[in-house]
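Summary of the model geometry
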Amino acid sequence: MKGTPLKNFFSSKSLGFAAVLTAAALAMTGCGGADTAGGGDSAGGGAGDAPAFEVAKDVALTGSPTFDKIKADGTIRIGVKPDQPGLGFLDAATGKYSGFDIEIATWMAASLGVAADKIEFKSIPSATRETALAKGDVDLYVGTYSITDKRKKLVDFAGPYFITGQGLLVAKKNEDIKSEKDLAGKKVCSATGSTPIQNIRENFPEATPVEFDLYSKCVEALKNGDVDAVTTDQAILLGFASQEPELLKVVGEPFTTENYGVGLPLGDTALRTHLNTTLTDGNATWTKIFDSTLGKSGTKVEQPKVDQY
Amino acid sequence: MNVLIDNSDLFLTGFKNTGILFVISAFFALILGTIVAGMRVSPAPAMRAAGTLYVNAVRNTPLTLILAFFALGYPKLGLPSIDFMTAAIVGLSLYTATYVCEAIRSGINTVSVGQSEAARAIGLPFMQTLTLIVLPQAFRSVVPPLFSVFIALLKNTTVAAGFSVFESGAIRAYLSERGEPLLPGLLWVALIFVVMVLGVLTPLQSYLEKKWRVAR
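A closer look at the pattern of salt bridges
Residues and elements named next belong to chain A.
- All told, the structure shown has 19 salt bridges over all chains when counted by the stated rule.
- Between Asp176 and Lys186 there is a salt bridge whose closest N-O contact spans 3.4 Å. Linking Asp176 in the loop between β8 (166–171) and β9 (187–191) with Lys186 in the loop between β8 and β9, this pair joins segments that are 10 residues apart in sequence.
- Asp176 gets classed as exposed once you look at its relative accessible area, which sits at 52%.
- The partner of Glu180 in a salt bridge is Lys181, and the shortest N-O contact between them spans 4.0 Å.

And the structure:
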């Protein structure tokens, strides 16, 4: 008497539970085989108007420990920047990343046979990029990462996938600063220790350097009138300017050259060659990515030539 | 070793500024802290209230917030503009003074009531009782906690790196932009801090403790 309803309850519950388990098991086996079989057609699910990337099938990459790890895990971990609108930006409300670098990262993952929903983006600040790649915290790093000879000793780079240079962001109503030649006596802000602020210190001694830990704080100070200009890679500045075009503008031409590359663990030549090939062969994809992100500001840019060093 | 030698300019400038921040802030914090401690034990209720309010308000505010105010909020007040270094010194001094005050006040509490009663009995007013009788005795008993406060101040100076002061806390960011490996750089910064504490502050503390030892 007592047992009947209880038994019914139990059996119906366990039935449902079993169904869930079966589904989960199916999904998991599906995932396990996904790196060779299809099933990755859901790529670009949350990518908005950005191009959906065709996930490569039957990727065979011998001699790449990073790729072996990605294949074994079924996921790829990519280090990105969370605070650079237009390039790598984390929307705190939705938890979604967007921007040019994010699309490049998604494209690179797709070329390795990893669908967009199997990418784990990690916010890694500039200072710990090399450590994160060396320790294996991330498999790739795509976040305004300039290729330099010194960094090449610590990590490998695929690309460059974008070329920019140090530029200047000023208030919309500012008429004094038209290029880097007008910086004497001005307060110029950039992130603490960043290459642009070191350049200002060394080559523009008449300007007053101001350093905050984040670019966004510099932009805030610029809007308040506490500093006269914000300097960093022009691509980053264009991102800020496109957010508030009624308050901010980018002036002058880039006065340095920065080559953005995809960072990967040192010595993984097979993976680097693969990514370089993807970049070289995928010119149309690159253009689509650019047009859907940074290109919205109206600028037209050609894809830079890949440097297979 | 290479990281240190190749970037000696960074380390030299960084630690020079850390030293400046520390020495000047410690000086002002000691003076201000002593004054506030005197206020907190004074017979005038208004003085006591002002001292208590200051200590509780500033001591319970995160240092980052105080420095942020002086670096970002102060310029909007329309007062004479100060550079970021001065702003950091003002913020660090005001913050550390509250801890100095409480350390000294605990020392004042160790001085027996008979001492100030005797001072009053021979006709000394409050100021003289405090400066001639109570504080000299109080200082000798607060050397260890006072040095804890100063060691904390030395480490706290690194917070100023977030507010446009190039000191030891900013070295890491510079190193990583120069493409130097992160860990050796951080280890050198940590090592120099250990040297400053163990090589300078701790010997000074034991010297003062010995010099001011009270036979009990």
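Section: the state of the cysteines
All names here are of chain A.
- A full pass over the atoms with the stated rule returns 1 disulfide over all chains.
- Note on cysteine connectivity: Cys189 is disulfide-linked to Cys218, with sulfurs 2.0 Å apart. In this structure, the disulfide formed by Cys189 and Cys218 twists by about -65° around the S-S bond and is classed as left-handed. Pair noted here: Cys189 is in strand β9 and Cys218 is in helix α6 (residues 215–224), with a separation of 29 residues, a long-range link. Comparing Cys189 with Cys218 shows no difference in burial state: the two are buried.

Regarding the interface of chain B and chain A
- The partner chain A presents 22 residues to the 20 residues of chain B that form the contact.
- Where chain B abuts chain A, roughly 1,800 Å² becomes buried across the two surfaces, and 51% of that area is made up of carbon and sulfur atoms.
- For the pair chain B and chain A, the interface holds 3 salt bridges.
- A salt bridge links B:Glu180 to A:Lys150; its shortest N-O distance comes to 3.0 Å.
- Inspection of the chain B/chain A interface yields 8 residue pairs in polar contact (both at pLDDT 80 or more).
- The element best represented in the side of chain B that touches chain A is helix α9 (residues 168–177) of chain B, accounting for 6 residues.
- Of the residues contributing to the side of chain B that touches chain A, the split by class is 11 nonpolar, 4 polar and 5 charged.

Some words on the sheet that holds β9(A)
All names here are of chain A.
- On the basis of which strands lie adjacent, the open sheet formed by 5 strands has the order β10-β9-β11-β8-β12 and mixed pairing. Edge positions in the open sheet fall to β10 (208–212) and β12 (248–251), since each of these has one partner strand only. Here the average twist between neighbouring strands, direction ignored, is 35°.

Considerations on empty space enclosed by the protein
Residue and element names in this part refer to chain B.
- This structure, assessed with the given rule, holds 1 cavity of 30 Å³ or more.
- The volume enclosed by the largest cavity comes to roughly 40 Å³.
- Along its surface, the largest cavity is lined by Leu67, Phe70, Ala71, Phe84, Ala87, Ala88 and Phe163.
- For the lining of the largest cavity, the elements supplying multiple residues, two or more each, are α4 (63–73) and α5 (84–110).
- Here the residues of the lining of the largest cavity are counted per class, giving 7 nonpolar, no polar and no charged.

What about unusual backbone geometry?
- The step from A:Gly159 to A:Pro160 runs through a cis peptide bond, and the omega angle for that step is 10°.
- Among the structural elements, A:Pro160 can be located in strand β7 (residues 155–164).
- Of note in the backbone geometry, A:Thr144 takes a positive phi value of approximately 40° without being a glycine.
- As for its position among the elements, A:Thr144 is in the loop between β6 (140–141) and β7.
- Phi at B:Ser164 takes a positive value of approximately 65°, unusual for a residue other than glycine.
- Structurally, the position occupied by B:Ser164 is in the loop between α8 (143–156) and α9.

About the thresholds
- Residues numbered from 1 in each chain as written.
- Chains lettered and ligands numbered in written order.
- Predicted model: local features only at pLDDT ≥ 70, side-chain atom pairs only at ≥ 80, totals over all residues.
- Heavy atoms only, no water.
- Salt bridge = Lys/Arg side-chain N within 4 Å of Asp/Glu carboxyl O.
- Helix = DSSP H or I, 4+ residues; strand = E, 2+ residues; numbered from the N terminus.
- Buried < 20%, exposed > 50% of the residue type's maximum accessible area, 1.4 Å probe, protein only.
- Disulfide = S-S within 2.5 Å.
- Contact = heavy atoms within 4.5 Å.
- Buried area = accessible area lost by both parts, 1.4 Å probe.
- Polar contact = N/O pair within 3.5 Å; in protein donor to acceptor, adjacent residues only side chain to side chain.
- Nonpolar A, V, L, I, M, F, W, Y, C, P; charged D, E, K, R; others polar.
- Pairing = 2+ DSSP bridges.
- Axes fitted to C-alpha atoms, helices over the stretch in contact; angles between N-to-C directions.
- 1 Å grid on protein atoms, 1.4 Å probe; cavity = no way out; pocket = protein on both sides within 12 Å on 5 of 7 lines; lining within 4 Å.
- Points joined across faces, edges and corners; volume = space filled by probe spheres on them.

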